[in-house]
Amino acid sequence: MLVKLSAAALHGVDALAVSVEVRVGRGIHFTMGGLPNSAVRESHTRVRSAIEVAGYHWPGRGITVNLAPADVRKEGTAYDLPLALGILAASGQLAAELLEGILFVGELALDGGLRPVRGAAVMASRARTMVLPTESAAEAALAQGVTVYGADSLSAVIAHLNGSVQLKPTPCGMDALLAGAANEIAEATLGAVQGQEAALRGLELAMAGGHNMLLVGPPGAGKTMIAKSAPALIPPLTAAEQIQVSRIHSVRKKSSGQHKFGRPFRAVHHSTTQTTLLGGGADPRPGEISLAHGGVLFLDELGEWDRHVLNALRAPLESGRITISRAQVSVDFPCEFQLIAATNPCPCGYLGHVSRRCDCSEHRITAYRRRFSGPLLDRIDIQLDIHPVNLRALDPRKFTGDSVGVRKARVLRARAIQSKRNPGGRTNSRLNPAEVLRIVKISNALRLFLIETMNSYHLSARSHDRVLKMARTLADLDGRKNVSKRDLAEALQYRRAGQ
Ligand SMILES: [Zn+2]
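Note that the structure is a prediction, hence the values are computed from the model and not measured. (Residues numbered from 1 in each chain as written. Predicted model: local features only at pLDDT ≥ 70, side-chain atom pairs only at ≥ 80, totals over all residues. Heavy atoms only, no water.)

Here we look at the coordination of the zinc ion
Heads up, the rule is: Any nitrogen, oxygen or sulfur atom within 2.8 Å of a metal ion counts as a donor, with the limit raised to 3.2 Å for Na, K and Ca, and since water is left out, coordination shells can look unfinished. Under the classification used here, a metal with four donors is tetrahedral if each angle lies between 85 and 135 degrees, square planar if opposite donors are over 155 degrees apart and the others between 65 and 115, a six-donor metal meeting that same test is octahedral, and anything else is irregular. Helical segments are the DSSP runs of H or I of at least four residues, strand segments are the runs of E of at least two, and each set is numbered from the N terminus. With a 1.4 Å probe rolled over the protein chains alone, any residue whose accessible area is under 20% of its type maximum counts as buried; one over 50% counts as exposed, and the rest are partly exposed.
Within the first shell, the zinc ion binds the protein through Cys 346 (SG), Cys 348 (SG), Cys 358 (SG) and Cys 360 (SG), at distances of 2.2 to 2.4 Å. The coordination sphere of the zinc ion comprises 4 donor atoms, whose angles at the metal cover 103 to 112°; the geometry is tetrahedral. Each donor residue of the zinc ion belongs to the same chain, with the gaps between them written as C-x1-C-x9-C-x1-C. Taken as a pair, Cys 348 in the loop between strand S17 (338-343) and helix H15 (362-370) and Cys 358 in the loop between S17 and H15 lie far apart in primary sequence, 10 residues in all. Here Cys 348 falls in the partly exposed class, since its relative accessible area comes to 25%. On the accessibility criterion, Cys 358 (22% relative accessible area) is partly exposed.

In structure tokens:
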């Protein structure tokens, strides 16, 4: 008897339909076709043990398994569950019609327990009804229009199919996820950097317009704290964004039962390899830049990074997508992230410091900056100097700046204006040159002011559009229709000579 079941294979952040075909016949053999890798072949041992522990009979006759289509690459252990059910049905121990229209995913332990899989949120998009391990169920239930049943063992799945002990559908946790989006840690961090007025203004601008930002300052000036408070000022993810973020994180690793994917903030160390940063592996998985999709990628100590690794960031930073090619497969991962980077001004850190001396030679300073200058810096709108905080400014009685709530409200308003006005609801930082011309209209007098100031500051032509986009965001923060001279002047302060 031939039995067919529905399963799925991962391909980037998508899933492809796979049909698991099982036949039990004569002879003594267990064969599998359809390009399965070693993990699929090893499933023989696990499936046999799980079937016997569940109290069923392992057919002594020949079992032939085919995973179709043959040209779809299949990896991992997620086919254990459909294999076990298929063998039971093909050997007449389970009614085959009970398996129809259900997507089965799950790894089996030798004792028949079900273990979590990778990519549950992605595979769920292929299904109407899905049965999978309990730990992966919450993740799968985020997908729209799918009924998800989580089970702990092969026996529980069989009991559910037979109707003897029904499993409860896993509720979609999307509403709870969207409601609980406030980032308390980031808000507390932002509260703690009060007093750094200029830095906070720069951060507000960056988060409002999605502008990439470089923080430059000596050790201990608070660069990392400022960067880590950024998530307090980004609006929560929409449901559509939440689904996309869940899919990316879901294919990264096996689900752990947690599925709190808020707007991402990924802090990455300079020892990170190119593969970890960009993605890769034999079965390509998303890298840090994709895990930061929809949120912030934070690179600390930019001067310590390998220049080649930083250069590899340029193309994905521009396009918002990365293609990972391997011998048998080529996949695309989205990576629209906002870059926040931090660096010391020189190797010792004290160049330009008010009270400490810098020991670095000019040659060393140039070499240090060359690592991240050029193409990467070209894609950064805001360069912000961070000065060590004046201790008196930390006295809360002397603090006169805006509260976290006020800043957040301003950023949210500016984001709302952009999503209504800009093509595709994109942030100002992602406008192309034609759109800048159309959306950031300024008078001839202001244009002249901009060009003259750019010349006197020795700013390159590349700064022109970046200044206009930042000025547009500053006007949006104020809720103003037109860009003013003050907006342009403020935006110009965030650029450096020669850039
Ligand atoms: Zn120095």
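Regarding the side chain of Lys 223
As a reminder, the rule being used: Neither His nor the chain ends contribute to the count of charged residues, in which Lys and Arg are positive and Asp and Glu negative. Each salt bridge in this description consists of a side-chain nitrogen of Lys or Arg and a carboxyl oxygen of Asp or Glu lying within 4 Å of one another. Any pair of N or O atoms that falls within 3.5 Å is considered a polar contact. Within protein, one atom must be able to donate a hydrogen and the other to accept it, and sequence-neighbouring residues count only if both atoms are side-chain atoms. The contact criterion used throughout is that any non-hydrogen atoms of two residues lie within 4.5 Å.
Tracing the backbone shows Lys 223 in helix H9 (residues 223-228). Lacking a salt bridge, the buried Lys 223 has Asp 300 as its closest oppositely charged neighbour, with an N-O distance of 6.0 Å. In this structure the side chain of Lys 223 is engaged in a polar contact, spanning 2.7 Å, whose partner is the backbone oxygen of Gly 217. A polar atom in the side chain of Lys 223 sits 3.2 Å from the backbone oxygen of Pro 218. If near-sequence neighbours (up to four positions away) are discounted, Lys 223 is found in contact with Leu 215, Val 216, Gly 217, Pro 218, Ala 342, Thr 343, Asn 344 and Ile 386.

Overview of the environment of Gly 119
One can find Gly 119 in the loop between strand S7 (114-115) and helix H3 (120-123). We classify Gly 119 as buried; its relative accessible area is 0%. When the C-alpha positions of Gly 119 and Lys 254 are compared, they lie 7.1 Å apart, and in sequence the two are 135 residues distant. Residues within four places of Gly 119 in sequence aside, it is in contact with Leu 10, Ser 250 and Val 251.

Details of the packing of helix H16 (residues 404-421) against helix H19 (residues 463-478)
Note the following rule: The axes are straight lines fitted to the C-alpha atoms, using for helices just the contacting stretch, and the angles between their N-to-C directions are given from 0 to 180°. By convention the crossing between two helices is left-handed if the near helix lies anticlockwise of the far one by an angle smaller than a right angle, and right-handed if it lies clockwise. The residue classification treats Ala, Val, Leu, Ile, Met, Phe, Trp, Tyr, Cys and Pro as nonpolar and Asp, Glu, Lys and Arg as charged. All others, Gly included, are polar.
Where H16 meets H19, the closest approach of the two axes is 7 Å, and the angle between their N-to-C directions is 115°. Where H16 crosses over H19, the two elements pack in a sense that is right-handed. Residues Arg 410, Val 411, Arg 413, Ala 414, Ile 417, Gln 418 and Arg 421 of H16 form the contact with H19, whose own contacting residues are Arg 472, Asp 476, Leu 477 and Asp 478. By residue class, the composition of the contact of H16 with H19 is 4 nonpolar, 1 polar and 6 charged.

Quick notes on empty space enclosed by the protein
Put simply, the rule is: Points on a 1 Å grid over protein atoms alone make up a cavity when a 1.4 Å probe fits among them but cannot get out, and a pocket when they form an open set with protein on both sides within 12 Å along at least five of seven lines; lining residues each have an atom within 4 Å of a point. Grid points are joined across faces, edges and corners, and a volume is the space filled by probe spheres set on the points. Note that the domain bounds were set by an automatic or database domain assignment.
For the structure shown, the criterion picks out 1 cavity of 30 Å³ or more. Of the pockets and cavities examined, the largest cavity occupies roughly 30 Å³. As for the largest cavity, its lining consists of Ala 121, Leu 142, Ala 143, Ile 243, Ser 246 and Arg 247. In terms of residue count, helix H10 (residues 239-252) provides more of the lining of the largest cavity than any other element does, 3 residues in total. Shared between two domains, the lining of the largest cavity holds at least three residues of each, these being domain 1 (2-172) and domain 2 (180-399).

In short, the description is geometric, and any link to function would need to be established separately.
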